[in-house]
Amino acid sequence: MRVGLIPARGGSKGIPRKNLADLGGRPLIAHSIEAALASRLDAVYVSSDDDEILEVARLCGARLIERPAELASDEAVAASVMLHALDAIERETGRVVCALVYLQPTSPFRTPGDITEALAMFESRAADAVVSVTELPHSHAPTSIMRLEDGRLSPFDLGKEILRRQEKPRLYARNGPAVLVLRPGLLRSSQDLYAGRTFGHVMPRERSLDIDDPFDLALARLIIAAGGPGLLAQAPSKRDT
């Protein structure tokens, strides 16, 4: 069984009640639930300690997992939340989960296609994990990183020549991640999200926004007001100009 799991605790420091924040007339979490339900998953669950979030998730069509308070604290780790959910799902369904697809609710521009493509890579490559990544802007490449000490700048890596933009290697970083597909057996034995054979599903920058603070939420609202991330994809990248 291929299962989507959306973690959504009630507490949030950067944005109070973040998972229920309005984005385009819908709660933030609704965007992830709708994308998951439209993908190639067999079931979609929301794990939360918050009754209001669980009710919103139910109305959006997700199945529910009541998360204990100790797994909703600032100290709780993602692996523990996943393992608790896996046990609950397999008890409820009587079926074995062969692929757990972890979907952060803070990635509203992730599409059903991103989920389905990551899952297809997981299956076709016999992967232990597939994680979504996005290409780093050239200004974030290691050769562009500088130290700032007493106001004075110096290269971070003195052994590397700073290259022209066109010469810098293409590098990638996890985009939240928006999508993380895991093999449950390895997760149970290692409790490591990136153990074994891990592959990367590349997502464009316009779909990789991870809402962490008020600026991110304001930016997401502006993108939706401007017509959505699809319009951003029409603009040429700096590499192409």
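So, a few notes on the structure that sits alongside this text.

Procedures and definitions
- Residues numbered from 1 in each chain as written.
- Predicted model: local features only at pLDDT ≥ 70, side-chain atom pairs only at ≥ 80, totals over all residues.
- Heavy atoms only, no water.
- Helix = DSSP H or I, 4+ residues; strand = E, 2+ residues; numbered from the N terminus.
- Polar contact = N/O pair within 3.5 Å; in protein donor to acceptor, adjacent residues only side chain to side chain.
- Contact = heavy atoms within 4.5 Å.
- Buried < 20%, exposed > 50% of the residue type's maximum accessible area, 1.4 Å probe, protein only.
- Pairing = 2+ DSSP bridges.
- Right-handed = clockwise from strand over helix to strand, strands pointing away.
- 1 Å grid on protein atoms, 1.4 Å probe; cavity = no way out; pocket = protein on both sides within 12 Å on 5 of 7 lines; lining within 4 Å.
- Points joined across faces, edges and corners; volume = space filled by probe spheres on them.
- Nonpolar A, V, L, I, M, F, W, Y, C, P; charged D, E, K, R; others polar.

## Focus on unusual backbone geometry
Part 1 of the reasoning: The amide bond that connects Gly176 to the next residue, Pro177, takes the cis arrangement and shows omega of 0 degrees.
Part 2 of the reasoning: Mapping Pro177 onto the fold places it in the loop between β10 (172-174) and β11 (180-182).
Part 3 of the reasoning: Of note, Arg17 is a non-glycine position whose phi angle comes to about 55 degrees, a positive value.
Part 4 of the reasoning: Residue placement: Arg17 occurs in the loop between β1 (2-7) and β2 (22-23).
Part 5 of the reasoning: Despite not being glycine, Ala126 shows a phi value in the positive range, around 50 degrees.
Part 6 of the reasoning: Mapped onto the elements of the fold, Ala126 is located in the loop between α4 (112-124) and β7 (129-135).

## A short note on the side chain of Asp114
Part 1 of the reasoning: In this fold, Asp114 is placed in helix α4.
Part 2 of the reasoning: Within polar-contact distance, the side chain of Asp114 engages the side chain of Arg207 at 2.7 Å.
Part 3 of the reasoning: Contact partners of Asp114, with chain neighbours within four places excluded, come to Val179, His201, Met203 and Arg207.

## A look at the pairing of strand β4 (residues 43-48)
Part 1 of the reasoning: The buried fraction of β4 amounts to 6 of the 6 residues, a majority that puts the element mostly inside the structure.
Part 2 of the reasoning: Side chains Ala43, Tyr45 and Ser47 of β4 all project onto a buried face; the interleaved residues Val44, Val46 and Ser48 project onto the opposite face, where all are buried too.
Part 3 of the reasoning: Examined bridge by bridge, β1 and β4 share 5 bridges and lie parallel to one another. Directly across from Leu5, in β4, lies its bridge partner Tyr45.
Part 4 of the reasoning: Here β4 runs beside strand β5 (residues 63-66); their pairing, made up of 4 bridges, is parallel. In the sheet register, Ser47 faces β5, and the bridge partner there is Ile65.
Part 5 of the reasoning: With helix α2 (residues 51-60) bridging β4 and its parallel neighbour β5, the resulting β-α-β unit is right-handed.

## Focus: the layout of surface pockets
Part 1 of the reasoning: Of the pockets and cavities examined, the second largest pocket occupies roughly 620 Å³.
Part 2 of the reasoning: Pro7, Arg9, Lys18, Tyr102 and Gln104 are, among the 30 residues lining the second largest pocket, the residues nearest its centre.
Part 3 of the reasoning: Here the lining of the second largest pocket is built from residues that sort into 15 nonpolar, 8 polar and 7 charged.

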